[in-house]
Amino acid sequence: MGGKKESVQQLDDTYSASQDALSLLAENAELSDQDGRGVAFRRAAAVMKSLPEPVTSMTQLRGLPCLGEHSLRVIRDVLENGASREVESMKQSKQYKALKVLTGVFGVGAKTAARWIREGIHTLHQLRNSGHTLNRAQQAGLEHYDDLNQQVSKAEAEAIQQIVEEVVASVLPGAKVTLTGGFRRGKLMGHDVDFLITHPEEGKEVGLMSKVVSWLESQGFLLYQKTTRNSYLVSDDSPALPPSNMDRFERCLSIFKLAQDQPHRAKQLGALPLDTAEHRRGDSGLQTDQDSCSQRIQTPGGQEDTKPWRAVRVDLVVSPISQFAFAVLGWTGSKLFERELRRWAGQEKAMSLSSHALYDNKKRKYLQASSEEEIFAHLDLEFIPPSERNA
Ligand code: DCP
Ligand code: MG
């Protein structure tokens with residue numbers, strides 16, 4: 001029996017090794033600003049994840065969708081050699097390492113990172129000494145690099161939820177806060193915490209964001225914030241869809257200062273002053289090359305980490321109640337799930353789905369919905385609960 005167990009374990013390892021390899025290729029494509037390739041590898045990884053049993057032979061993959069020539073080559077390599085040579089060498093490449101380090105700075109995207117790499121900047125040390133003027137987001141990203149590259153736990157997300165609920169209730173009684181993103185899908189870790197805020201009476205939500213942000217700032221909860229205003233306009237005869245997948249809700253991209261090790265006491269720590277930042281974290285949640293790591297550590301005299309708080313990325317989004325169901329659906333993700341859902345709506349139903357609305361292109365009208373269930377029904381789909389949207 002022991003032998004069987006072992007071989008099953010081995011199979012599972014191979015199984016997840018091919019998923020991991022495909023996910024890494026997807027990541028590398030995204031970091032290299034090749035979104036099309038990224039989506040192709042994400043789809044292939046999702047197909048591998050959805051298989052009911054471990055793959056032992058290539059014949060099992062026959063007829064499966066989304067597995068292109070390249071993905072199949074990678075899977076074969078993993079099956080035959082235990083690892084993909086292409087992925088292993090990519091992981092070791094200077095380009096990949098530099099992309100990973102630089103795009104790990106909040107506010108730095110694939111294009112900026114690629115430009116810097118072309119100028120010979122591969123590490124945070126080189127970036128700091130490059131003389132480049134960084135924008136406010138990037139400065140905050142550099143300053144809180146280690147914290148922001150460390151995953152956020154469910155307990156931390158809940159502590160932040162408590163704070164956000166408290167401030168929202170105090171500035172607009174009756175307003176409702178919903179945890180969205182990966183945590184709504186049941187994930188235990190995330191790269192940030194996403195919230196959607198609405199009020200049951202249409203229009204009451206106007207002006208809410210600025211009050212929430214002012215309150216949070218006055219209490220010392222924000223290390224950084226940038227609020228963008230709602231730019232969504234509904235017109236009667238055309239689907240007012242944004243040009244990209246980006247939605248147009250009023251949105252606050254922020255970095256929270258969360259008291260550490262005391263998530264349950266988060267409430268009382270509201271007035272934690274910002275200038276307690278004399279100690280920097282020395283640990284790193286990200287694998288980077290030694291050079292960039294050592295340059296990042298700024299703990300004076302190499303003390304143990306005594307900083308009583310940590311920086312956490314938080315997104316706040318405000319939606320009018322009439323668009324709330326679409327907003328929840330759009331902000332729950334995953335990104336691949338959203339993409340597939342929109343594709344289904346467009347190709348199978350001739351409808352345009354966004355985080356704001358669902359438009360029926362044949363009937364030339366918007367379809368109303370006050371819950372996610374109603375949206376799935378409009379799309380002729382069975383309801384898929386958030387925990388099953390992790391594709
Ligand atoms: N989203 C969107 N439009 C944006 C930003 C996000 O539609 N401009 C959606 C898709 C995401 C969800 O909102 O699935 C949350 O975005 P995140 O980037 O936070 O992704 P997750 O929460 O799914 O992952 P993580 O756990 O890494 O935060
Ligand atoms: Mg998220």
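What counts and what doesn't
- Residues numbered from 1 in each chain as written.
- Chains lettered and ligands numbered in written order.
- Predicted model: local features only at pLDDT ≥ 70, side-chain atom pairs only at ≥ 80, totals over all residues.
- Heavy atoms only, no water.
- UniProt positions renumbered as here; feature names shortened; annotations may be inferred.
- Donors = N, O, S within 2.8 Å, 3.2 Å for Na, K, Ca; no water.
- Buried < 20%, exposed > 50% of the residue type's maximum accessible area, 1.4 Å probe, protein only.
- Helix = DSSP H or I, 4+ residues; strand = E, 2+ residues; numbered from the N terminus.
- Pairing = 2+ DSSP bridges.
- Axes fitted to C-alpha atoms, helices over the stretch in contact; angles between N-to-C directions.
- Parallel < 35°, antiparallel > 145°, perpendicular 65-115°, else oblique.
- Left-handed = near helix turned anticlockwise from the far one by under 90°.
- Contact = heavy atoms within 4.5 Å.
- Nonpolar A, V, L, I, M, F, W, Y, C, P; charged D, E, K, R; others polar.
- Salt bridge = Lys/Arg side-chain N within 4 Å of Asp/Glu carboxyl O.
- Polar contact = N/O pair within 3.5 Å; in protein donor to acceptor, adjacent residues only side chain to side chain.
- Core = buried A, V, L, I, M, F, W, Y, C linked by side-chain atoms within 4.5 Å.
- Domains from an automatic or database assignment.

- The chain appears in an unreviewed UniProt entry as DNA-directed DNA/RNA polymerase mu from Solea senegalensis.
- Quoted verbatim from the Cofactor (unreviewed entry) field of the UniProt record, the comment on the chain reads "Mg(2+)".

Side note on the coordination of the magnesium ion (ligand 2)
The textbook angles at a metal center are 109.5 degrees for a tetrahedron of four donors and 90 or 180 degrees for an octahedron of six.
Here is step 1: Around the magnesium ion (ligand 2), the protein contributes the donor atoms D192 (OD) and D194 (OD), which lie 2.0 to 2.1 Å from the metal centre.
Here is step 2: Residue D192 is classed as buried on the basis of its relative accessible area, which comes to 7%.
Here is step 3: On the basis of relative accessibility, which here comes to 7%, the residue D194 falls in the buried class.

Details of unusual backbone geometry
Here is step 1: A cis amide bond links G333 to the next residue, S334, at an omega of -5°.
Here is step 2: Structurally, S334 can be placed in the loop between helix 14 (324–332) and helix 15 (335–349).
Here is step 3: Unlike most non-glycine residues, D33 shows phi in positive territory, near 65°.
Here is step 4: With respect to the helices, strands and loops of the structure, D33 is situated in the loop between helix 1 (2–31) and helix 2 (35–50).

Let's talk about the pairing of strand 4 (residues 193–198)
Here is step 1: Buried residues dominate strand 4, accounting for 6 of its 6 residues.
Here is step 2: Of the two faces of strand 4, the one holding V193, F195 and I197 and the one holding D194, L196 and T198 are both buried throughout.
Here is step 3: Two strands pair when backbone bridges link them, and strand 2 (residues 176–179) and strand 4 are joined in this way by 4 bridges, in the antiparallel orientation. By the bridge assignment for strand 4, L179 is matched with F195.

Some words on the packing of helix 10 (residues 154–171) against helix 12 (residues 208–218)
Here is step 1: It is at 10 Å that the axes of helix 10 and helix 12 come closest, and there the two elements cross at 120°. With respect to each other, helix 10 and helix 12 are oriented oblique. Between helix 10 and helix 12 lies a crossing whose hand is right-handed. Here helix 10 contributes I163, V167, V168, S170 and V171 to the contact with helix 12, which in turn contributes L208, K211, V212, W215 and L216.
Here is step 2: Across the contact of helix 10 with helix 12, the residue classes tally to 8 nonpolar, 1 polar and 1 charged.

Considerations on the sheet that holds strand 9 (residues 358–360)
Here is step 1: As summarised here, the arrangement of the 3 strands in space is 8-9-10, forming an open sheet in which the pairing is antiparallel. A single partner strand is all that each edge strand has here, and the edge strands are strand 8 (351–353) and strand 10 (365–366).
Here is step 2: Pairing between strand 9 and strand 10: 2 bridges, direction antiparallel. Residue D360 lies in a different strand from strand 10, and its bridge partner there is K365.

Things to note about the pattern of salt bridges
Here is step 1: As enumerated under the stated definition, the model contains 14 salt bridges in all.
Here is step 2: As a salt-bridge pair, E340 and R343 come within 3.2 Å of each other at their nearest N and O atoms. Linking E340 with R343, this pair stays in helix 15, spanning 3 residues, or about one helical turn.
Here is step 3: Residue classification places E340 among the partly exposed residues on the basis of a relative accessible area of 23%.
Here is step 4: Given the relative accessible area of 37%, R343 is considered partly exposed.
Here is step 5: A single network of salt bridges, built from pairs that share partners, joins R43, E340 and R343.

A few points about the environment of K49
Here is step 1: Assignment of secondary structure puts K49 in helix 2.
Here is step 2: The sequence separation of K49 and A391 amounts to 342 residues, and the corresponding C-alpha distance is 8.1 Å.
Here is step 3: A polar side-chain atom of K49 sits 3.5 Å from the main-chain carbonyl oxygen of N390.

Topic: the sheet that holds strand 7 (residues 309–318)
Here is step 1: As summarised here, the arrangement of the 5 strands in space is 2-4-7-6-5, forming an open sheet in which the pairing is mixed. Two strands bound the open sheet, and with one partner strand each, they are strand 2 and strand 5 (222–228). With strand direction ignored, the average angle separating the axes of adjacent strands in the sheet is 25°.
Here is step 2: Its contacts with the sheet place helix 8 (residues 136–143) against strand 5 and strand 6 (250–259), and it is angled at close to 150° to strand 5.
Here is step 3: With respect to the sheet, helix 14 is in contact with strand 2, strand 4, strand 6 and strand 7, its orientation differing from that of strand 4 by roughly 175°.

Some remarks on helix 14
Here is step 1: Counting buried residues along helix 14, 9 of its 9 residues qualify, which places the element largely inside the surrounding structure.
Here is step 2: Among all positions of helix 14, only F324, A325, F326, A327, V328, L329, G330, W331 and T332 are buried.
Here is step 3: Just downstream of helix 14, G333 is the residue with a positive phi angle, here 70°.

Describing the nonpolar core
Here is step 1: Ranked by internal contacts, the top residues of the largest apolar core, which has 36 residues, are L22, M48, L61, L102, W116, L124 and L127.
Here is step 2: Put simply, the parts of the chain that give this core at least two residues each are helix 1, helix 2, helix 3 (69–81), helix 4 (85–92), helix 5 (94–103), helix 6 (110–118) and helix 7 (124–128).
Here is step 3: It is helix 1 that contributes the most residues to this core, 6 residues altogether.
Here is step 4: Residue contributions to this core reach at least three from each of two domains, namely domain 1 (2–92) and domain 2 (94–142).
Here is step 5: The next biggest cluster of nonpolar side chains, apart from the first, holds 30 residues, and it includes V152, V168, L172 and L179.

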